[in-house]
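# Geometric and topological summary
Letter by letter, the chains look like this.
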Amino acid sequence: MSAETAPTANPWIGRPINRVEDARLLMGRGRYVDDLAFRDVYHAAILRSPHPHARIVSLDVSAALRAPGVVGAVTGADVAAATRPFLVGIQTPVQYYSTAIDTVRYVGEPVAVVVARDRYVAEDALELIRVEYEPLPAVVDPERALAPDAPVLHEAVGGNVACHRRMTYGDPDRAFREADVVIRERFRFPKYSSTPIETYGVVASFDPSDGVLTVWSNFMGPFILHPLVARALQMPENKLRFVIARDIGGSFGIKCSLFPYLTLIGLAAMKTGVAVKWIEDRREHLLASGNGADRVSERELAATKDGTILGMRFHVIDNVGAYVRSPEPACTFRPIGNWVGPYRFEHLEMDATVVMTNKSPTGPNRGYGCQQLYFETERMVDLLAERLGLDPAEVRRRNFIGAHEFPYRTPTGGLYDSGDYGAALDRALEVARYDELRREQARARAAGKLFGIGIAVAVDPSVSNMGYVTVALDAQYRAKPEYLPKSGAIESATVKIDPLGRVMVVMGTAPQGQGHETVVAQIVADELTVTPDDVTVVDEMDTFTRTWGISSGTYSSRFGSIGTSAVALAARRLRSKVLDFTAHVTGVARDELELRDGTVVAPRVRDARPYTFKELAGRVHWNMDSLPEDMEPGFHASASFAFPEAKPPDELDRVNSSNTYAFIAEVMAVEVDPSVGTVKIVRYVTVHDAGVVINPKIAEGQIYGGALHGLGGALYEELLYDDDGQCLTATFMDYLVPTAVEAPEIDIAHVVTPSPFTTLGSKGLGESSCMTAPAVVANAVSDALGPLGLRVTELPLTPNRLWALLRSAG
């Protein structure tokens, strides 16, 4: 019997069924934003700055407006007159608009927009725009940007520091005084992107009859950016409609940063009076879309001579580029609740500086803030093991939070829901055949080869508590009476049975390829004892028709925890209503009824006949008089799920920054070729504890994707700039992305500790190994280079960088 027709006594949750979305995608029937059909749509092209820093002396679009087929243009003057700068979550007076106003601050910054009958005409018209620039000094290095004589990007700020916070938890000074061992190291992490197959896309249309601006796009949330765009456009929120394409060709966080273009193309539609479409090209995407922040950091670790970690000090400089673009500076604070990772130490100091430079603005990128965190932490743990002559796995075991300690409150406020970190690490070592790998390493080294083994572990946070962003503001500011505290995360779902007894689920999660329709069908099939084929899932976001909140969307791996919980709750409410109605019409006691194969039965009641959904739904929909007095008409139920522990930061800067916390343990073996500086991955094992896994096939696809993204940042990808601020990697000729050829075989295993905080015990998984891959690569390569006295402190380990490191050994 196939999985699709198996009896419902065997739960659908946990089965690796095929994705229902794949059929339409493989048949070419996907509906991406560029596939949406509109009548009389015009096309936009964007003129971008060739300078990293320059004053706009003059801008003349008159020749472009005279070109045949051109219907209008938008300039910085138009943007300044018609919109307001975007809100940012800091007090620093950084003014960020959808185009440059009088100064450009990075190569690729929008300067003007031309709207024409087609993209060809619009692109040609850009060449007719005359712009006179007065070049200004540029700065791209975050440490150089802090120097007193550094070029200043924003005169109103007076410097390049966007935000600075120093936060202390416990007594780190005492921890370092009492330490037997103190380790210090300096690290650099690269600025890199996600390069989804589908780039940004926006279509906007303004209806003057009702004042509604409708914007279709592949935006992914969070929908707190909807009111932010409405404010920028100076229009009521109920006059701004976001419609998200049914299919999105990947995002990995990058499409959070689409909102300035939603504003810009929306303004173009309002100004020209026509529907305007803009599809980003790849060069635009690499130059000016979202990417993760590059970081320079210094770490200190205090420990006892037996390897017990007492405390850590973090000193980080995060480079957010030319502007603070919402939700930045969240790259620094998103992992605050899990800053200690899986370790038990209580004493921590964080000194965080967020700086602006003449690079493109940053934003959410898969593993947001956690890639940098775990690269540094896991390197420090390996350095501790090296100093003490202990096995890296043993040092981690000695410091893990115990399985009996969950739920566990971290010193920074995180509330870890469940876990057995030791069991997960042991499973990873078992699958990797760790002892055998060490023997293989000894043989390889005896033969003169550079063979290394790395271990990395991480707590994987999901479902961001929106309140964490406000940690960028100090506690005194947050304590002001006029300040409105921020917190929470919410998702909603509706499940209904139509008059013919068919089941439908309606959501608006804005998925980007994660298989939400499949997972939802599995959940509802279990709750209502039908098959996934009996469930139709409509997961399309429209702010005018869906229930949503400011945290809605698909990011922060939130669907696996909060989306699934909302669906299960709604389905259970509908199941209860079905049973209540059946009890009413049959006179059978409610507790005698149960669902089997989409039918209500009373197995312990003699002569009680079964009732199908079709029969019951027919009565509910066609005979309202059959309903009990206290029951609402219709077979439908909605649920909104939220986490009670998602509270605002307290006066000590403690906050539960996420709502569920998975765990990852990885082991990697590599061989380094010193003649060319390349890294060959010999073995890669990853073990995940994401609670209850609803669809293992989808989960493993997410793990593979996350791992490849992390390997990109570890070995290949970096948005490089020269000292003058010119981007050197704006094409795939220069920006290296791992492909299927470079993808290693990955052995995946799972350990399950169900979350007590979600309806089904599930946690997030979407970012997963992108957080650990940079760390495990760095540890493995460092282990390989150990006999040469070399350490890895900077990523990515491109052949050029690794070759230079090897040459430094003499």
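Refer to the preceding data block for the structure.
Basis of the calculations
- Residues numbered from 1 in each chain as written.
- Predicted model: local features only at pLDDT ≥ 70, side-chain atom pairs only at ≥ 80, totals over all residues.
- Heavy atoms only, no water.
- Helix = DSSP H or I, 4+ residues; strand = E, 2+ residues; numbered from the N terminus.
- Rg over C-alpha atoms; globule rule 2.2 N^0.38 Å.
- Buried < 20%, exposed > 50% of the residue type's maximum accessible area, 1.4 Å probe, protein only.
- Pairing = 2+ DSSP bridges.
- Axes fitted to C-alpha atoms, helices over the stretch in contact; angles between N-to-C directions.
- Salt bridge = Lys/Arg side-chain N within 4 Å of Asp/Glu carboxyl O.
- Polar contact = N/O pair within 3.5 Å; in protein donor to acceptor, adjacent residues only side chain to side chain.
- Contact = heavy atoms within 4.5 Å.
- Phe/Tyr/Trp six-rings, centres within 6.5 Å; stacked < 30°, edge-to-face > 60°.
- Parallel < 35°, antiparallel > 145°, perpendicular 65-115°, else oblique.
- Left-handed = near helix turned anticlockwise from the far one by under 90°.
- Nonpolar A, V, L, I, M, F, W, Y, C, P; charged D, E, K, R; others polar.
- Expected span 1.5 Å × (residues − 1).
- Core = buried A, V, L, I, M, F, W, Y, C linked by side-chain atoms within 4.5 Å.

### Focus: the overall build of the protein
Of the regular secondary structure elements, the protein holds 21 helices and 28 strands. Whereas a compact globule of 810 residues would reach a radius of gyration of roughly 28 Å, the protein reaches 28 Å, a difference of no more than 12%. Each principal axis of the C-alpha atoms in the protein carries an extent, and together these give about 90 × 75 × 55 Å. Taken over 810 residues, the protein has a buried fraction of 61%.

### A few points about the sheet that holds strand β20 (residues 503–507)
Pairing is mixed in the open sheet, where four strands are placed in the order β21-β20-β19-β25. Because the sheet does not close on itself, it has two edges, and the strands there are β21 (535–539) and β25 (636–642). Pairwise comparison of adjacent strand axes, ignoring direction, gives a mean angle of 15 degrees for this sheet. With four bridges connecting them, strand β19 (residues 490–497) and β20 associate as antiparallel partners. Bridge pairing links V495 to V505 in β20.

### Concerning the pattern of salt bridges
Within this structure, the stated rule accounts for 61 salt bridges. Between K277 and D34 there is a salt bridge; the shortest N-O distance is 2.7 Å. On the criterion of sequence distance, the pair formed by K277 in strand β12 (residues 275–279) and D34 in the loop between α1 (21–26) and β1 (41–48) is long-range, its members being 243 residues apart. The class for K277 is buried, based on a relative accessible area of 10%. Under the relative-accessibility criterion, D34 is labelled partly exposed at 44%.

### Points about the side chain of D318
Checked against the element boundaries, D318 lands in strand β14 (residues 309–319). D318 gets classed as buried once you look at its relative accessible area, which sits at 0%. Of note is the side chain of D318, whose polar atom sits 2.6 Å from the side chain of T332. Apart from the residues within four sequence positions on either side, D318 is in contact with D294, R295, C331, T332, T353, V354 and V355.

### Brief notes about the sheet that holds strand β10 (residues 212–217)
Taken together, seven strands build an open sheet; the order of strands is β3-β5-β1-β12-β9-β10-β11 and the sheet is mixed. Either end of the sheet is taken by a strand with one partner, and the two such strands are β3 (70–75) and β11 (240–244). For this sheet the average axis-to-axis angle between neighbouring strands, irrespective of direction, equals 20 degrees. Here six bridges tie β1 to strand β5 (residues 110–116), and the two strands are oriented antiparallel to one another. Bridge pairing links L47 to A112 in β5. Along the sheet, helix α4 (residues 119–126) contacts β1, β3, β5 and β12; its crossing angle with β1, the most-contacted strand, is approximately 30 degrees.

### Focus: the side chain of S360
Take S360: it is sitting in the loop between β15 (347–355) and α11 (370–388). Apart from residues no more than four positions distant in its own chain, S360 is found in contact with Y106, K191, L287, A288, N291, V320, G321, A322 and Y721.

### Points about the packing of aromatic side chains
A complete count under the given rule lists 25 aromatic pairs for this structure. Between F86 and F259 the ring centres are 5.1 Å apart and the planes differ by 85 degrees, which places this aromatic pair in the edge-to-face class. In this pair, F86 sits in the loop between α3 (76–82) and β4 (103–104) while F259 sits in helix α8 (residues 259–272), placing the two residues 173 residues apart along the sequence. Note on accessibility: F86 and F259 belong to one class, buried. Ring centres of Y416 and Y661 lie 4.8 Å apart, and the angle between their planes is 50 degrees; this geometry places the pair in the tilted category.

### What about the environment of Y735?
Turning to its location among the elements, Y735 is positioned in the loop between α19 (696–716) and β28 (747–750). On the accessibility criterion, Y735 (1% relative accessible area) is buried. Between the C-alpha atoms of Y735 and S193, which are 542 residues apart in sequence, the distance is 9.8 Å. Those residues in contact with Y735 that lie beyond four places of it in its chain are Y192, S193, T195, L286, E717, E718, L719 and T729.

### Structural notes on the packing of α11 against helix α20 (residues 773–785)
Two elements in contact, α11 and α20, have axes whose closest approach is 8 Å; the angle formed by their N-to-C orientations is 30 degrees. Here α11 lies roughly parallel to α20, going by the angle between them. Both α11 and α20 take part in a crossing whose hand is right-handed. Counted together, Q371, Y374, F375, E378, R379 and D382 of α11 and P774, A775, A778, N779 and S782 of α20 form the full contact between these two elements. Tallied by class, the residues present in the contact of α11 with α20 amount to five nonpolar, three polar and three charged.

### Points about the pairing of strand β18 (residues 450–464)
In terms of burial, β18 is a largely internal element, 15 of the 15 residues being buried. Relative to strand β26 (residues 658–673), β18 is paired through 14 bridges, and the arrangement is antiparallel. Considered in β26, the bridge of G454 is made with M668.

### Regarding helix α16 (residues 516–528)
For α16, with 13 residues, the first-to-last C-alpha span of 18 Å sits near the 18 Å given by 1.5 Å per residue. The element α16 is largely enclosed, with a buried count of 12 among its 13 residues. Along α16, the residues classified as buried are H516, E517, T518, V519, V520, A521, Q522, I523, V524, A525, E527 and L528. The first or second residue beyond α16 is T529, which carries a positive phi of 55 degrees.

### As for the nonpolar core
In terms of nonpolar packing, the biggest core is built from 175 residues, with W339 and V781 touching the most fellow members. Once residues within four sequence positions are removed from consideration, W339 is found in contact with M167, Y169, F314, T332, F333, L348, M350, L373 and T412. Within the second largest apolar cluster, 53 residues are counted, among which are A493, V537, A602 and I698.

### As for α8
In a regular helix each residue adds 1.5 Å, so 14 residues correspond to 20 Å; α8 covers 20 Å between its end C-alpha atoms and thus fits that length. Within α8, 12 of the 14 residues are buried, leaving the element largely enclosed by the surrounding structure. Looking only at α8, the buried set comprises F259, P260, Y261, L262, T263, L264, I265, G266, L267, A268, A269 and T272. Just downstream of α8, G273 is the residue with a positive phi angle, here 80 degrees.

### A look at unusual backbone geometry
Glycine aside, residues mostly have negative phi angles, and peptide bonds mostly take the trans form. Cis geometry marks the peptide bond from S326 to P327, where omega comes out at 10 degrees. Topologically, P327 is positioned in the loop between β14 and α10 (330–333). Each neighbour pair has its own omega, and for E328 with P329 the value is 10 degrees, a cis peptide bond. The residue P329 is located in the loop between β14 and α10 in this model. Located in the positive-phi region is D40, a residue other than glycine, with phi close to 60 degrees. Of note, D40 is situated in the loop between α1 and β1. Taking the relative accessible area as the measure of exposure, D40 reaches 55% and is therefore exposed. For V463, which is not glycine, the phi dihedral falls at a positive 60 degrees. You can see V463 is positioned in strand β18. Classification of V463 by relative accessible area gives buried; the value is 0%.

### Some details on the environment of T199
One can find T199 in the loop between β8 (181–189) and β9 (201–207). Relative accessible area serves as the criterion here: at 10%, T199 is assigned to the buried category. In this structure, the C-alpha to C-alpha distance between T199 and S58, residues 141 residues apart in sequence, is 31 Å. Those residues in contact with T199 that sit more than four places away from it in its chain are N218, K255, I279, E280, D281, R282 and H285. For T199, the side chain forms a polar contact with the main-chain oxygen of E280, separated by 2.5 Å.

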